[in-house]
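Observations on the model geometry
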Amino acid sequence: MHIILSVGGSAINPNGEPDLNFLKTMAQIIKKSKNSFGILTGGGSLARVHANTVRKLGGSEYEADQIAIASTRQNAQLMIAALKGAGVKTCGNVLTSFDNAAEHATENKVVVMGGTIPGITTDADAVLLAEAIGAKKLVNISNVDAIYDSDPRKNPKAKKYTIMDYDQLNKLAAESDTRKAGMHFVFDMLACKLIARSGIETHFVSGNKMNDVTNAIEGKKHSGTIVK
Ligand code: UTP
């Protein structure tokens, strides 16, 4: 079965530099799994810093997005290096189109992509990759361990969802979207709509809890959130 792993930049570069242990552990989890994978890497702080520099230099939002996409692809390259180091058969380099990914997905255990076009985020890319290669399950790995009804860092009474449906997720994403700039929901609105239209079961887990990552991939119980 094809599974999409949407790996946040925050998990790959938690403190502004690559987390070697995370990358090696991800590679081992993938190696041991009987599934095949499509990996979509985010940019995190690496992308934000570069996009902001372009803006300060007078660049357009389009140009800021372009350099941010380059950062997501740099993280994708790190995933490929980790997989190669573990002896896992990959597409060889970072793919830049979903059509290409669909072609390579048949003969490789793993295909890896970063961002694609300005104006969207890697959340949406991950779902598009799922649609392109026919994956019905997506595991979102970030620095947030689940979906809550409000920000758990600000509200100690925030309620964690163990399971929710697409409508509930869409409603929460829309509510967060109306809050002030800089606040951003764990999964963007376009991505929420895309998983709903294709019925993609989506698991939200943290890269700080690698047992949850393994369990989500292998269909076992975990402490994150399942949306279906
Ligand atoms: P991310 O998906 O990593 O954005 O893409 P994010 O919302 O900052 O996610 P976290 O913080 O990693 O969870 C980084 C940036 O790259 C550009 C956008 O500017 C986005 O904010 N990008 C990414 C695109 O323009 N197109 C894409 O297809 C992907």
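As shown above, the structure is provided for reference.
These lines cover the structure that appears in this document, whether it is placed above or below. Nothing here was measured: the structure is a model prediction, and the numbers come from that model.

**Regarding the overall build of the protein**
- Broken down by element type, the protein carries nine helices and nine strands.
- Principal-axis analysis of the C-alpha atoms places the extent of the protein at approximately 45 × 45 × 35 Å.
- Here the protein holds 228 residues, and 49% of them are scored as buried.
- Within the protein, contacts between residues separated by at least 24 positions form 67% of all contacts whose residues are at least 6 apart in sequence.
- As displayed, the protein offers around 11100 Å² of accessible surface, 52% of which is attributable to carbon and sulfur atoms.
- Taking the average location of the 27 positive side-chain charges in the protein and that of its 22 negative ones, the two points are 7 Å from each other.

**Digging into the environment of Lys159**
- Assignment of secondary structure puts Lys159 in the loop between strand 5 (147–148) and strand 6 (160–161).
- C-alpha separation for the pair Lys159 and Ile39, spaced 120 residues apart in sequence, amounts to 29 Å.
- If we ignore the near neighbours within four places in the chain, the residues touching Lys159 are Ile147, Tyr148 and Asp149.

**Here's the deal with the nonpolar core**
- Ranked by internal contacts, the top residues of the largest apolar core, which has 63 residues, are Leu5 and Ile39.
- Sequence-distant contacts of Leu5, that is, excluding residues within four places in its chain, are made with Met26, Ile30, Phe37, Gly38, Ile39, Leu40, Val139 and Ile217.
- Of all hydrophobic cores here, the second largest spans five residues; its members include Ala47, Ala51, Val54 and Ala64.

**Quick word on the pairing of strand 2 (residues 36–41)**
- Most of strand 2 sits out of view: six of its six residues are buried.
- The side-chain alternation of strand 2 yields two buried faces, one formed by Ser36, Gly38 and Leu40 and the other by Phe37, Ile39 and Thr41.
- Inspection of the sheet shows strand 1 (residues 2–7) paired to strand 2 by six bridges, in the parallel sense. Residue pairing across strands places Ile3 opposite Phe37, the latter belonging to strand 2.

Conventions and cut-offs
Residues numbered from 1 in each chain as written. Predicted model: local features only at pLDDT ≥ 70, side-chain atom pairs only at ≥ 80, totals over all residues. Heavy atoms only, no water. Helix = DSSP H or I, 4+ residues; strand = E, 2+ residues; numbered from the N terminus. Buried < 20%, exposed > 50% of the residue type's maximum accessible area, 1.4 Å probe, protein only. Contact = heavy atoms within 4.5 Å. Areas by Shrake-Rupley, 256 points an atom, 1.4 Å probe, with all protein chains shown as cover. Lys, Arg positive; Asp, Glu negative; His and termini not counted. Charge placed at Lys NZ, Arg CZ, Asp CG, Glu CD. Core = buried A, V, L, I, M, F, W, Y, C linked by side-chain atoms within 4.5 Å. Pairing = 2+ DSSP bridges.

Take it as geometry only, folks, not as evidence of what the structure does.
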